[in-house]
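# Architecture and fold: a report
Below are the chains, spelled out letter by letter.
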Amino acid sequence: MNTFLQGFLDNDSYFGRFMTKLGIIIAANIMFIIFSQPLVTMGASLAALYHVMLKTLRSGGVVNPFREFWIGFKTNLKQATLVWLIFAAVLAFLSVDLQIIGQAGGALSLFRYGICAIGLVVICLFFFLMPVMAAFQAGLKSLVGHAFYFLLKKPWKSAVILFFDVFPLILTYTDLKNLPLYAFIWVLCGFGLQAMLASTLLLPEFEPFLPGVDGGGAFVPAPGDDEESMLQDLKDLDGL
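Read on for an overview of the structure.

This brings us to helix α4 (residues 65–104). Along its 40 residues, α4 runs just 50 Å from first to last C-alpha, ending more than 12% under the 58 Å computed at 1.5 Å per residue. Its side-chain oxygen at 3.0 Å from the backbone nitrogen of Phe66, Asn64 defines the N-terminal cap of α4. Positive backbone phi, approximately 70°, marks Gly105, located one or two places after α4.

Counted by the stated rule, this structure contains 17 aromatic pairs. Taking the centre distance of 4.9 Å and the plane angle of 50° together, the rings of Phe32 and Phe191 count as tilted. Of this pair, Phe32 sits in helix α2 (residues 14–35) while Phe191 is found in helix α8 (residues 179–206), placing the two residues 159 residues apart along the sequence. Judged by relative accessible area, which is 5%, Phe32 ranks as buried. Ring centres 5.9 Å apart and planes at 45° place the aromatic pair Trp84 and Phe126 in the tilted group. With Trp84 in helix α4 and Phe126 in helix α5 (residues 111–135), this pair connects stretches of sequence that are 42 residues apart. Assigned by exposure class, Trp84 and Phe126 land together as buried. Each member of the aromatic cluster is reached from another via a ring pair, and the members are Phe136, Tyr149, Phe150, Phe206 and Phe209.

Conventions used here
- Residues numbered from 1 in each chain as written.
- Predicted model: local features only at pLDDT ≥ 70, side-chain atom pairs only at ≥ 80, totals over all residues.
- Heavy atoms only, no water.
- Helix = DSSP H or I, 4+ residues; strand = E, 2+ residues; numbered from the N terminus.
- Expected span 1.5 Å × (residues − 1).
- Polar contact = N/O pair within 3.5 Å; in protein donor to acceptor, adjacent residues only side chain to side chain.
- Phe/Tyr/Trp six-rings, centres within 6.5 Å; stacked < 30°, edge-to-face > 60°.
- Buried < 20%, exposed > 50% of the residue type's maximum accessible area, 1.4 Å probe, protein only.

Spelled out as structure tokens, the structure:
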């Protein structure tokens, strides 16, 4: 019996690996919330969250979430902050347009469909640009192109990612009765679970363009497989 329990609780057991991964998700989620308090840094925090999840998956769970989050935050601070500010500004502009059109009524109301379509594209791009930014080091123009490429490559994966990125947020703000429960889940692990799901689905698409890693997640590129050459392969592939 003791042997069974020891094996069950061992770090290399299925339960042990699950608990280790859950601990990483919770730790990274808390870091995300702390670093997002000045709202202007939310983009960099989200990119850092994806950095932790991708590194966790590629290393088999052997990572320090606090250290990796800080690395991802510093690396993506400028670009992710710029993307977040543009994203927030565009959504705010579109929201104001919808309100104006709604009050005007008449033929102008038809424009709301176009505005909603633009908003949907912007939201889709943002939610794919963050994991792409966490995985690849490139200029913003190239990253946007890569985000569109991975968004359109596997539509069913994109639909799943976008559903679980958006629907829980809508549910949180519409089901006020259970708001305390939702708030607890978001603070504990909600954002981390979203990032882990998206990273799990996207990593198989990313890996052909990423250098290899050892057991600890450190890069060990083979000759000719440096990140720059792999990004060039991605540019050639998606026509950028």
